[in-house]
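Here is what each chain is made of, one letter per residue.
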Amino acid sequence: MADAAKVWRHRTGEIRLDRTRVMGILNITPDSFSDGGRYFNPDGAIRHGLEMVEHGADLLDVGGESTRPGSDPVSADEEWRRIGPVIRDLAAKVDVPLSVDTMKPEVAAKAIHAGASIVNDVSGMREPSMVRVVASSRVGAVVMHMLGNPKTMQAHPQYDDVVGEVRSFLSERIRFLEAAGVPSEAVAVDPGIGFGKTQEHNLALLRNLDQIGALGHPVVVGVSRKSFIERLGGGESGDRLPGSLAAASLAVVKGAHVVRVHDVRETVRAMRVADALARGEKL
Ligand code: HH2
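Below, the structure is looked at part by part.

Moving on to the nonpolar core. Val119, Met125 and Val221 are the most contacted members of the largest nonpolar core, which totals 75 residues. Among the elements that line this core, the one with the most residues is helix 5 (residues 162-179), at 7 residues. Once residues lying within four places of it in the same chain are set aside, the contact partners of valine 221 are Asp190, Pro191, Ile193, Leu206, Leu209, Ala251, Ala256, Val258, Val259 and Arg260. Ranked by size, the runner-up nonpolar core spans 11 residues in total, among them Leu17, Leu59, Ala188 and Val220.

See the structure below:
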């Protein structure tokens, strides 16, 4: 088994993984599953980004295309029109690294030029030119597992062994990125909760997250407000916070290093306690 990851390198520095890091979600979309339309104008989005940093976010993940099940893709021009002004402005105003949540290499390249330090690609960087962008700009990478694409992924997701298959996919992608010149310490992995997975698949991945951590790379997990929480009785669609905090905490126990969340203030507090209990630090 590889050693647990200790740092996550990105374009402008590194994130130490001595405690759980909170990635605040900034969706500049009209249709994201939870906060679609709320921060669709640049000023509102920037304000929300600044507020998340004030509340303790360790990094911000800026996205301009919803990937909720059944969603339609948007053009690269439209995606950039949404996120460009926000990334440019936040990069000048905050000290925390910005990641760009995109599947499009041309959008990633522009975002990096505007100040993003990490590329978060829910398609697992299947597009070779995305890997070239990441390698040449020395950014950090989040490689996520998704079955198929957002339009169809929840149709009939099937695996013989979901944990083994997700792990093999991620392992193959790590090798591909490293062969392209991306430093090993820059690559984080994510099992892609809700991306082509049934309730059972999501639970199996979260219960066995240590097997993803055994790849020896930083583990990012996105459970915030996702529908599996409500199906477990962890909240209603307007308020899935209680179950989201429980899921994030248990993910930390199972080895998650970074949690991608909507509710930064509450998650930062929950993670202090989770870290103290899971990592043996002082309360
Ligand atoms: N989940 C979403 C989007 N991007 N990136 C990573 N690495 N991991 C995730 O689990 C993940 C992600 C979906 O959530 P959200 O951004 O809130 O919604 P939408 O895709 O509808 O904008």
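What follows is about the pairing of strand 7 (residues 140-144). Among the 5 residues that make up strand 7, 5 are buried, leaving the element largely enclosed by the rest of the structure. Alternating positions in strand 7 separate into two faces, Gly140, Val142 and Met144 on one and Ala141 and Val143 on the other, with burial throughout. Of the crossover connections in this fold, the one passing from strand 6 (residues 118-121) over helix 4 (residues 128-137) to the parallel strand 7 is right-handed. With 4 bridges connecting them, strand 7 and strand 8 (residues 187-190) associate as parallel partners. Within the sheet, the bridge partner assigned to valine 142 lies in strand 8 and is alanine 188. Taking the sense of rotation as the criterion, the β-α-β connection linking strand 7, helix 5 and strand 8 turns out right-handed.

In the vicinity of the ligand there are 17 residues, among which Ser32, Ser66, Thr67, Asp190 and Lys226 approach most closely. Serine 32 places a polar side-chain atom, nitrogen or oxygen, 2.5 Å from an oxygen atom of the ligand. Lysine 226 places a side-chain nitrogen or oxygen 2.7 Å from an oxygen atom of the ligand. For the ligand, whose unbound accessible area comes to 480 Å², protein coverage reaches 98%. Of the residues that constitute the shell around the ligand, the class distribution is 5 nonpolar, 7 polar and 5 charged.

For valine 96, the location among the structural elements is in the loop between helix 2 (76-93) and strand 5 (98-101). Assessed through its relative accessible area of 17%, valine 96 is described here as buried. Taking C-alpha positions, valine 96 is 27 Å from aspartate 239, a pair spaced 143 residues apart along the chain. Leaving out residues up to four positions away in the same chain, valine 96 has contacts with Val53, Ala57, Asp58, Leu59 and Leu60.

All of the buried residues along helix 10 (residues 264-279) are Val264, Thr267, Val268, Ala270, Met271, Ala274, Asp275 and Ala276. Its buried side turned inward, helix 10 meets strand 3 (21-27), helix 1 (42-54), helix 9 (241-253) and strand 10 (258-261). Positioned one or two residues after helix 10, glycine 280 has a phi angle of 75°, which is positive.

Looking now at the sheet that holds strand 3. Either a parallel or an antiparallel arrangement is found when strands of a sheet pair, and the pairing is made through backbone hydrogen bonds. Strand order in the open sheet formed by 8 strands is 8-7-6-5-4-3-10-9, and the pairing between neighbours is parallel. Every other strand in the sheet has two partners, leaving strand 8 and strand 9 (220-221) as the edge strands with one partner each. Of the strand pairs in this sheet, strand 3 and strand 4 (residues 59-63) are connected by 5 bridges, and their pairing is parallel. Note that in strand 4 the partner of asparagine 27 across the bridge is glycine 63. Most of the contacts of helix 1 go to strand 3, to which it runs at about 170°, and overall it touches strand 3 and strand 4.

This paragraph deals with the side chain of aspartate 61. Relative to the helices and strands, aspartate 61 resides in strand 4. At a separation of 2.8 Å, a polar atom in the side chain of aspartate 61 contacts the side chain of arginine 260. When neighbours within four sequence positions are excluded, aspartate 61 is seen to be in contact with Met23, Gly24, Ile25, Leu26, Ser99, Val100, Asp101, Asn120 and Arg260.

Each value, and the rule that gives it
Residues numbered from 1 in each chain as written. Predicted model: local features only at pLDDT ≥ 70, side-chain atom pairs only at ≥ 80, totals over all residues. Heavy atoms only, no water. Core = buried A, V, L, I, M, F, W, Y, C linked by side-chain atoms within 4.5 Å. Buried < 20%, exposed > 50% of the residue type's maximum accessible area, 1.4 Å probe, protein only. Helix = DSSP H or I, 4+ residues; strand = E, 2+ residues; numbered from the N terminus. Contact = heavy atoms within 4.5 Å. Right-handed = clockwise from strand over helix to strand, strands pointing away. Pairing = 2+ DSSP bridges. Near = heavy atom within 4 Å. Polar contact = N/O pair within 3.5 Å; in protein donor to acceptor, adjacent residues only side chain to side chain. Areas by Shrake-Rupley, 256 points an atom, 1.4 Å probe, with all protein chains shown as cover. Nonpolar A, V, L, I, M, F, W, Y, C, P; charged D, E, K, R; others polar. Axes fitted to C-alpha atoms, helices over the stretch in contact; angles between N-to-C directions.

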